[in-house]
Each structure stands twice: as structure tokens, then as C-alpha cells.
Amino acid sequence: MNRLQAIRPFGQRIWLDNLSRELIASGELARLLADDGIAGVTSNPAIFYKAISSDASYQGELEVLKQNAALSAEARYETLVVADIRAACDLLLPQYESSQGNDGYVSLEVSPELSNDEAGTLAAARRLWAEIGRANAMIKIPATAAGIRAFQQLTREGVNVNITLLFSLPQVEAVWDAYIAGLSARLADGQAVAGVKAVASFFLSRVDSLLDPQVAAPHQGKVAIALSKAAYARYQQRFHGEEFAKLRAAGARPQFLLWASTGTKNPAYRDVLYVESLIGDETVNTVPDATLAAFRNHGDAELTLPLAMDEVQALLAEVEAAGIDLAAVGEKLQKDGLKLFEDAFTQLLKLTA
């Protein structure tokens, strides 16, 4: 069996962290779906900057759009990429339908400039959701305080959301609070909750890149995995316990954790470290092209996510005892991540100006 396909029996789905017009038009995305069992696609401003700046297939349409002075640079960008999101959604629609809405999603991010603007995030998310017009689309929103409030309201409205840039357990808990509150309000409104899907994107490699110089040698390259496993343990408690029982009985789906930033940045670490170490049921791992190719070549698919939990708790306790505030680390990494996306978005709009 294909090594990537071998992950599926453990209940995890692999999504591709890349999208471009060429990837769709060449048939490569369709091949990845068929051969590797890719079950979703994520995008971000950096991904689309690379695509639009290097893929000639955008240029003709962009020149036409630039002739319309009434369109802003952001409107031109959205026109280009919404078409790609729709096309990818259509390719993934058979998976969405055959899985009763569990698989087959494609994410598009709102402007990072709205990260602290709840009203602006809501307006942009509603607009993009309507423009894409696909049930298997997801609107990507950063997990700032404003973003989480917007997420709760969008969940109430039935909009699928990928809430992103999570780096700590308190951030994840706040997102789950909002999801459960949004679904509960939707149910109280008399609306169906069965069709709503959301994921919580927890970032890994950036955690270890920041903390490795600060932690003891035996803990290097292990903190992100430990945090992810701890988050999964909380997921099990919250979504398979009494708290979610009423919503589950009404057909609501749990908010899966999605492992993001899973390309290994430290060359001393195994290049599939953040895939092999976190395989488990009701999760997603979104991987860049290089990590996808590496796992296809030499990755081992085994159940690893729920294992060694005593060691996980001990490691996290030792890190905290050494004076590292993991919640504060999460806040710093989220701010840093927002800055990276804002910078990429600024560069992206220069292309479409």
C-alpha cells in the first residue's frame, strides 16, 4: 500500500498545504487525491504569493482585471484565487459526498489585516463563503480574540471554518469553547448542526524552533509533539464526554485538531517527524509538498498520537518548571505568525495592484 494511504486506517486524513492553478490544471492535484489519498487542501497568503508570482497562467486574467480601475488589489486577488478554490472544491466533492461531509475540504484565508477586527473578519468571511459557493469550502481565520469571537458567530451561521495559528493549550481550549457555544446557539435557533464542519489548526515546527535553544537537550524536538498530544487528550475529554453529548446526538461533528507547520525545519530531525509522531483518529495533518514526498518515500504509518501520555505530561511539567511559560510562548508565536502572513499578504497585493 502507498505509505500515505496507510495512514487512513488510523482515522487520520492527510491534506495538502499547497494550491495553485497549475496544480489543478496539470492534473497533479487529481493524481494526489487518487494515488496518495489526499483528503483536503489548505492555502494561505504565502502559498498564493508563490503561485501567482511564478505561475504564468494567472497573468492574462490579472492583466484584464487591472484594466478595471474600480477593483482594488485585494478584489483582484480574490477574483483570481476564488476560482482556484472553487475548482479544488469541485475536485474534492466526491470525497465530501462519499464521507457524508467529513472529508474533501478546501481552505481560503481572510485578509491577515483583519486579525484584530471582529466585524471585518465576519464581513470578509461571509463574502468569501458566498462567493465560493461550495459546501466543502472552509474560511480560514486566525485564532486571535477577535477571530475567535467571529468564529463563534460564523459557526452559529453554519459557515465552515479552519481556525488557525494555534500554538498553546489555552488557545485551543478557547477555540473549542467558541465552537461549542456557536453550535449550541445554532441548535437553539432551530437550525441543523449536522452540516457544520470546523478544524483547529495547531502549529508544530515553529514551537520547537523557538524552544529548542531554551530547553534541556533531551527535550529538544519534543515539546511541540508533547503539546499536540496533550491537546488531543483534551479533545477526547471534551468531544467524547458529556459536554458535547447533546450536540453529538443532534448530529454535530467534533472540531478535529489539524496539525499544521509539519515540515521539519531542523535538518537534524527526521523529515517526517511531525507526521509519524501524531497519527491518530479524528485528526488531520496538512503537509507541504516536500513532507508529502518524504513520507511517500520512507514514512511509517503507525498509531502514535494517543501513546506515551505519562511521558508527555512529565515533559511539559519539566519545561514549565524550568521557567518556560508555554501559554506566553503561544501568544508570541501567534503574533509572529500573523506578522509573517501580513507580510506575505502585502507582497501579494503588490502583484495585483
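Residues numbered from 1 in each chain as written. Predicted model: local features only at pLDDT ≥ 70, side-chain atom pairs only at ≥ 80, totals over all residues. Heavy atoms only, no water.

Under an unreviewed UniProt entry, the name given to the protein is Transaldolase, and the source organism is Chromobacterium sphagni. The record held by UniProt for the protein lists under Subcellular location (unreviewed entry) the comment "Cytoplasm". According to its UniProt record, the protein has this under Sequence similarities (unreviewed entry): "Belongs to the transaldolase family. Type 2 subfamily." (UniProt positions renumbered as here; feature names shortened; annotations may be inferred.)

1. A look at the packing of aromatic side chains
Enumeration over the complete set of coordinates arrives at 13 aromatic pairs. Measuring from ring centre to ring centre gives 6.3 Å for Phe 202 and Trp 259, while their planes differ by 90°; the resulting arrangement is edge-to-face. Of this pair, Phe 202 sits in strand β6 (residues 198-203) while Trp 259 sits in strand β7 (residues 256-260), and the two are 57 residues apart along the sequence. Its relative accessible area of 0% is what places Phe 202 among the buried residues. (Phe/Tyr/Trp six-rings, centres within 6.5 Å; stacked < 30°, edge-to-face > 60°. Helix = DSSP H or I, 4+ residues; strand = E, 2+ residues; numbered from the N terminus. Buried < 20%, exposed > 50% of the residue type's maximum accessible area, 1.4 Å probe, protein only.)

2. Points about the nonpolar core
Leu 19, Leu 29, Phe 48, Tyr 77, Leu 108, Val 223 and Leu 257 are the most contacted members of the largest nonpolar core, which has 117 residues in total. With sequence-adjacent residues up to four places away left out, Val 223 is seen in contact with Val 207, Asp 208, Leu 211, Val 215, Leu 315, Leu 316, Val 319 and Leu 326. (Core = buried A, V, L, I, M, F, W, Y, C linked by side-chain atoms within 4.5 Å. Contact = heavy atoms within 4.5 Å.)

3. Notes on the UniProt feature "active site" (unreviewed entry) in the protein
As recorded in UniProt, the feature "active site" (unreviewed entry) lies at Lys 140. Looking at the element boundaries, Lys 140 is found in strand β4 (residues 137-142). Owing to a relative accessible area of 5%, Lys 140 belongs among the buried residues under this scheme.

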